[in-house]
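# Geometric and topological summary
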Protein chains: 2
Amino acid sequence: MTFIESLQAAWTRNDSLLCVGLDPDPAKFPVHLQGRNDAIFEFCRSIVDATADLACCFKPQIAYFAARRAEDQLEALIAHIRITHPGIPVILDAKRGDIGSTAEQYAVEAFERYGADAVTANPYMGRDSVEPYLAYRNKGVILLCRTSNPGGSDLQFLDVGGGVKLYEHVARLVAEEWNGNGQCALVVGATFPAEIARVRALTGDMPLLVPGIGAQGGDIEATVKAGRSAAGSGLMINSSRAILYAGKDENFADAARRVAAETRDAINRFR
Amino acid sequence: MTFIESLQAAWTRNDSLLCVGLDPDPAKFPVHLQGRNDAIFEFCRSIVDATADLACCFKPQIAYFAARRAEDQLEALIAHIRITHPGIPVILDAKRGDIGSTAEQYAVEAFERYGADAVTANPYMGRDSVEPYLAYRNKGVILLCRTSNPGGSDLQFLDVGGGVKLYEHVARLVAEEWNGNGQCALVVGATFPAEIARVRALTGDMPLLVPGIGAQGGDIEATVKAGRSAAGSGLMINSSRAILYAGKDENFADAARRVAAETRDAINRFR
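Just so we're clear, the structure is a prediction, and the values are computed from it rather than from any experiment.

### Some details on the packing of aromatic side chains
- In this structure the tally under the stated criterion is 12 aromatic pairs over all chains.
- Ring centres of Phe111 of chain A and Tyr136 of chain A lie 5.0 Å apart, and the angle between their planes is 55°; this geometry places the pair in the tilted category. With Phe111 of chain A in helix α5 (residues 100-113) and Tyr136 of chain A in the loop between α6 (131-134) and β5 (140-146), the pair connects residues that are 25 residues apart, well separated along the chain.
- For Phe111 of chain A, a relative accessible area of 5% gives the class buried.
- For Tyr136 of chain A, a relative accessible area of 22% corresponds to the partly exposed category.
- Ring geometry for Phe43 of chain B and Tyr245 of chain B: centres 5.7 Å apart, planes at 15°, overall stacked. Linking Phe43 of chain B in helix α2 (residues 39-51) with Tyr245 of chain B in the loop between α11 (241-244) and α12 (252-268), this pair joins segments that are 202 residues apart in sequence.
- Take Tyr245 of chain B: its relative accessible area is 13%, and that puts it in the buried class.

### Considerations on the interface of chain B and chain A
- With 54 residues of chain B at the interface, the matching set in chain A holds 54 residues.
- For the pairing of chain B and chain A, the buried interface totals around 4400 Å² over both sides, and the portion due to carbon and sulfur atoms is 53%.
- Summed over the shared surface of chain B and chain A, the result is 6 salt bridges.
- Between Glu71 of chain B and Arg113 of chain A there is a salt bridge, with the nearest N and O atoms lying 2.8 Å from each other.
- Listed by contribution, the elements that provide at least two residues to the side of chain B that touches chain A are α3 (62-66), α4 (71-84), β3 (91-96), α5 (100-113), β5 (140-146), α7 (152-156) and α8 (166-178) of chain B.
- In terms of residue count, α5 of chain B provides more of the side of chain B that touches chain A than any other element does, 7 residues in total.
- Residues of the side of chain B that touches chain A, tallied by class, amount to 23 nonpolar, 16 polar and 15 charged.

### As for the relation of the copies chain B and chain A
- Once chain B is rotated about the relating axis by 180° and shifted along it by 0.0 Å, it coincides with chain A to within an RMSD of 0.0 Å. Expressed as an axis order, the relation between the two copies is that of a two-fold axis. The position closest to the rotation axis in chain B is occupied by the C-alpha of Val160 of chain B, lying 2.3 Å away.
- A share of 100% of interface residues in chain B that are also interface residues in chain A marks the association as one of identical surfaces.

### Some points on the nonpolar core
- If you look at the biggest cluster of nonpolar residues, it comprises 194 residues, and the most contacted ones within it are Leu22, Leu186 and Met236 of chain A together with Leu22, Leu186 and Met236 of chain B.
- Every residue in contact with Leu186 of chain A, bar those within four places of it in the chain, is listed here: Ile142, Leu143, Cys145, Ala171, Val174, Val199, Thr203, Met206, Pro207, Leu208 and Leu209 of chain A.

### Thoughts on the packing of helix α8 (residues 166-178) of chain A against helix α9 (residues 193-203) of chain A
All names here are of chain A.
- Running from N to C, α8 and α9 point in directions that differ by 25°, and their axes come no closer than 9 Å. Between α8 and α9, the angle is such that the two are roughly parallel. Seen along the crossing, α8 lies across α9 with a hand that is right-handed. From α8, Tyr167, Glu168, Ala171, Arg172 and Ala175 reach across to α9, where they touch Glu195, Arg198, Val199, Leu202 and Thr203.
- Taken together, the residues of the contact of α8 with α9 sort by class into 5 nonpolar, 1 polar and 4 charged.

### Topic: unusual backbone geometry
- Within the chain, Asp15 of chain A stands out as a residue other than glycine whose phi angle is a positive 45°.
- Topologically, Asp15 of chain A is positioned in the loop between α1 (3-13) and β1 (18-22).
- At Arg69 of chain B, a residue that is not glycine, the phi angle is positive and equals roughly 55°.
- Looking at the element boundaries, Arg69 of chain B is found in the loop between α3 and α4.

### Quick look at the sheet that holds β3 of chain B
Residues and elements named next belong to chain B.
- Pairing in this open sheet of 8 strands is parallel, and the strands run β2-β1-β8-β7-β6-β5-β4-β3 from one edge to the other. A single partner strand is all that each edge strand has here, and the edge strands are β2 (57-60) and β3. On average, each strand axis in the sheet is tilted by 30° relative to the strand beside it, whichever way the strands run.
- Pairing between strand β4 (residues 118-121) and β5: 4 bridges, direction parallel.

### A short note on the state of the cysteines
- This model, assessed by the stated rule, comprises 0 disulfides over all chains.
- Here Cys145 of chain A is not cross-linked by a disulfide; its sulfur's nearest cysteine counterpart is in Cys184 of chain A, at 12 Å.
- Since its relative accessible area comes to 0%, Cys145 of chain A is described here as buried.
- Cys56 of chain B forms no disulfide, and the closest cysteine sulfur to it belongs to Cys57 of chain B, at a distance of 3.8 Å.
- By relative accessible area, which is 0% here, Cys56 of chain B ends up buried.

What counts, and at which threshold
- Residues numbered from 1 in each chain as written.
- Chains lettered and ligands numbered in written order.
- Predicted model: local features only at pLDDT ≥ 70, side-chain atom pairs only at ≥ 80, totals over all residues.
- Heavy atoms only, no water.
- Phe/Tyr/Trp six-rings, centres within 6.5 Å; stacked < 30°, edge-to-face > 60°.
- Helix = DSSP H or I, 4+ residues; strand = E, 2+ residues; numbered from the N terminus.
- Buried < 20%, exposed > 50% of the residue type's maximum accessible area, 1.4 Å probe, protein only.
- Contact = heavy atoms within 4.5 Å.
- Buried area = accessible area lost by both parts, 1.4 Å probe.
- Salt bridge = Lys/Arg side-chain N within 4 Å of Asp/Glu carboxyl O.
- Nonpolar A, V, L, I, M, F, W, Y, C, P; charged D, E, K, R; others polar.
- Least-squares fit on C-alpha atoms with pLDDT ≥ 70 in both.
- Core = buried A, V, L, I, M, F, W, Y, C linked by side-chain atoms within 4.5 Å.
- Axes fitted to C-alpha atoms, helices over the stretch in contact; angles between N-to-C directions.
- Parallel < 35°, antiparallel > 145°, perpendicular 65-115°, else oblique.
- Left-handed = near helix turned anticlockwise from the far one by under 90°.
- Pairing = 2+ DSSP bridges.
- Disulfide = S-S within 2.5 Å.

None of the figures reported here should be taken as evidence of function without further support.
So, in structure tokens, the structure goes:
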């Protein structure tokens, strides 16, 4: 099954467009986990097991593991998801971008070492920097398009001719040229609903990964109405901190489950 | 000493604008190293020790380590360089690019975990995605501007208004707005000498990291004439594969030293 097929099945089976982002920050962990060598794995495993029937995908952010020499815990976490929740695809959020020979190494890292189903990537270096990921025909490649951070406009909102913004150019390039095998998706921030609608118009039913709900302040109703596909799906709406740190004690996984369920249901009201 | 000061000192002391790129591919290692658990470290250590007096910086490419679960060997390699060749700055070639809270984690990875003196980064997500690196005031941040790969033109050569190309806009943005503390440098590929000259004109004496010499076919004379600063320096001209794999047997480090010396001297003829 390809990443896109697996995502579509999870949308339906779990009636969910929610992507649970795994950005583990040990300083925010419950006291009973602090100091353990496997705290990052154990924290994320608990979140995953508590939310797997409420999510359409999981998205570990590799920076949080790399900053703490915890690559082994990331390997164990993704292996756990694949064995215990095989229907939920895993997106490795790495935002890599490099020349082809180097991108081949990053593709080995994401797909062979970690066994991720999809990876996020940066389009700045162009098509041949993305092809090594696309060569894994059953994997997904999720390109940055319009990001939700304040500096996102510095480049992405530049007019590249005829009133077309750079992010729109990227959306077109991916939809019309890079997506020949139907493996691509795009990142579009929740803080810009009008731009989500624009990307949706340019890309048909391509899946959109939407960060910015929750801690970053994006509006769920506006996001869903702007971004849903004709079938009422097409979205992976990411929430990380609001779910991960919903509770602060031993019951943190229950609190995470409650917030994940509320977020899924809030999203579903507007599909 | 800051990254830029350390680089300037190495330019002078070693009379060299050569950056030795460390892209270790075990399939290309001499037979006597193959199968060793520490083959990547040992290969790179031999290259480093053989070329440290001929280079102005070393640039390990993290993808080659990450693809092989060799983060520990990358840590050991950078530690070796800092102890044994303390005057040669280390650039971690990672090309990270993410929102501020995630970029903080990547900055910890590059500067605290690995102890690199500078890191490469991608400008697509704008200023706040770069600020966490700049917060380390003695470290360098080397932004992608004009890359040497075939797809480099897909985005970077777009006209963003008034005949200004995206890569020129990035060069200006970095020189005029992001470089307040003098920590920045830019990546400009050797395959486009006219564009190196354009970036040099826009950025004063900002250091330029120039990949594309050697395996990628860039011309040394054109590169140096286009990119040298008024002082006849200002460049980190990278060569990776041509040096690393100059020899195939137990004398590979001697062969690497010979090619590194030839490359340094070829560069110096046009300064």
